[in-house]
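Observations on chain architecture
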Amino acid sequence: MSSASPYPILRLRPKEDRRLRAGHLWVYSNEIDVQKTPLTAVTPGSVCRMEDAQGKALGLAHVNPHTLLCARLLSRDPHVRIDEGFYRSRLQQALRMRERLFGAPFYRLVHGDGDGLPGLVIDRYEDHLVLQAGSLGMDHDLPLITAALQGLLRPAGILLKASGAARRLEGLEDRVEVLFGHIPERLEVWENDCLFQVDPRGGQKTGWFYDHRANRRRLRDFAQGRRVLDCFAYLGGFAIPLAKAGASAVTAVDSSAPALAILEENARRNEVEGLRSIHGDAMETLHNLRDRGEQFDLIVLDPPALIKSKKDFKEGSIAYRRFNDMAMRLLTPGGILFSASCSHHLSRETLLSQIAFAAQRGDYQIIGEGSQDMDHPVHPAVPESNYLKGFFIHRREELPEEAEKTA
C-alpha cells in the first residue's frame, strides 16, 4: 500500500501501461507484475491503485483477481476516494448531459465506460431507475451508488436487474431486487410521441432499449402508406411509431409471448389498430411469409446479439447474412430495410460485408447509417463501448426503359 494512497497497489509489467496511457480503461491479468504485486492478495471487488512498472501512478481501478479482464479504471487521479461523493459527482455529470439532450426523463442515465463508470448501466423511467451491475466492483459498490442516486434524483424506486454473461464471467449470480423504494409491475416510457408499458423485472435487459430511439424516429419518414414488417418486435418500439406515422399495415414478430402481449397492449394504448402480431421464431416466420408470397415495403431487422463471445463469431456472422438474405427476399422494389446489430464482437465492416453478400441477388444501395443514441456515449479509446450499428438499405426500382431492354 502506498503511503500516499489508502488503496493497495497493482503494478503493471514493463510496457504494459500503453493501453491505459492511450485512454483505455481495461487491464488484463497477464499485464500485472504478479511477482511484485500478486493478484491473489487483492480482495475481489475492491479498489486498487494502478501503477506502471516504474511505480508511477496510473489511477484507481475496480479489481477482480479471478477474471482475465481483472481491472477497470475508475479515475486517473490516484488521490480521489471512491466513495459516495465520487459516484454522486460522476452521476451528476451524466445527468447534466442527458438533461441538455432530452426534454423528458426517459433515457439511459449511465452507459458504463462511456460515462466513466465501467461495469455500470442505469436506465431512467421518470421517477424510477433500473440498474445493471456487470462487474464485481460495481456490484460491491451498489450501496454507495444507491445512496448517491437517492441524494441526486430522489427516485421513487431503484431496481437492480443484473443478469447475463458479463456477470457470470465476473463470478456473480443473477440478481433482481429492489434496492430502494417501490418498483411497480409496469413502468412507462414516453418515446417518439408514443407511450409504452415496460416490464422491468421480466423483460429483456433493463426492460427497454433506448439505444434505437433516433433510428426509430428516422424510420418514421419512410412509413406513410407502407406495409411494415418488424422481425424482432419486442414491445413495439419500432412497430408502433411506424403504425402511427401512417403505415398501411404492420406485422410484428417475436418469439416471446409475454413481450407480444405487452406490445398489443401498447398498440391499444396508442390507438393503433390493425397491427398483426406473430408469435414465433424469426427465421422460421420469414420463411413462412416468403412461402405465402407476402412482401413488405419497410422491414426492420434488429435481432438480439447473435455473437455473444468470440467463439460464436463464425456461426453468428453467418446468421446475420441469412437474416438479411431472407429479409431482402421479402422486400418490394423501392422498399427500405433497416438492418442492425448490437453484437460488439461484430464490426461495422463485417456486418456490411454480410449485407453485401446477401444483396448479390438484387439491386440495393445503402442510403444511411444508424448507431446508438446520444444517451449511450462512446468512450473514444474504448471501441467496445460503440456496439450498435445499422444500415438503411434501399432496394432500387427497375425503371420502365430498363425493363424494356431486358425483355
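Higher on the page you've got the structure.
So, here's what we can say about the structure. None of the values given here were measured: they were computed from a predicted structure.

Cut-offs used in this document
- Residues numbered from 1 in each chain as written.
- Predicted model: local features only at pLDDT ≥ 70, side-chain atom pairs only at ≥ 80, totals over all residues.
- Heavy atoms only, no water.
- Phe/Tyr/Trp six-rings, centres within 6.5 Å; stacked < 30°, edge-to-face > 60°.
- Buried < 20%, exposed > 50% of the residue type's maximum accessible area, 1.4 Å probe, protein only.
- Helix = DSSP H or I, 4+ residues; strand = E, 2+ residues; numbered from the N terminus.
- Lys NZ or Arg CZ within 6 Å of the ring centre and 35° of its normal.
- Pairing = 2+ DSSP bridges.
- Axes fitted to C-alpha atoms, helices over the stretch in contact; angles between N-to-C directions.

This structure, assessed with the given rule, holds eight aromatic pairs. Ring geometry for phenylalanine 86 against tyrosine 87: centres 5.3 Å apart, planes inclined by 75°, an arrangement best described as edge-to-face. Exposure class is identical for phenylalanine 86 and tyrosine 87. Each is buried. Taking 5.4 Å as the distance between ring centres and 75° as the angle between the ring planes, the aromatic pair formed by phenylalanine 232 and phenylalanine 323 counts as edge-to-face. You can see phenylalanine 232 sitting in the loop between β13 (227–230) and α7 (239–244) and its partner phenylalanine 323 sitting in helix α10 (residues 313–330), a full 91 residues away along the chain. With respect to burial, phenylalanine 232 and phenylalanine 323 carry one shared label: buried. Cluster of aromatic residues (ring-pair linked, three or more members): Phe238, Phe338 and Phe392. Between the NZ or CZ atom of arginine 218 and the centre of the ring of phenylalanine 392, over which it lies, the distance is 4.6 Å. Seen from the ring of phenylalanine 357, arginine 321 lies directly overhead, with NZ or CZ sitting 4.0 Å from the centre.

In space, the five strands of this open sheet follow the order β1-β3-β4-β5-β2, with mixed pairing throughout. Edge positions in the sheet fall to β1 (9–11) and β2 (26–28), since each of these pairs with one other strand and no more. The sheet shows a mean angle of 40° between the axes of neighbouring strands, taken without regard to direction. Note that β2 and strand β5 (residues 69–75) share three bridges and pair antiparallel. Of the residues in β5, the one forming a bridge with tyrosine 28 is leucine 69.

Function cannot be read off these values alone, since they describe shape.
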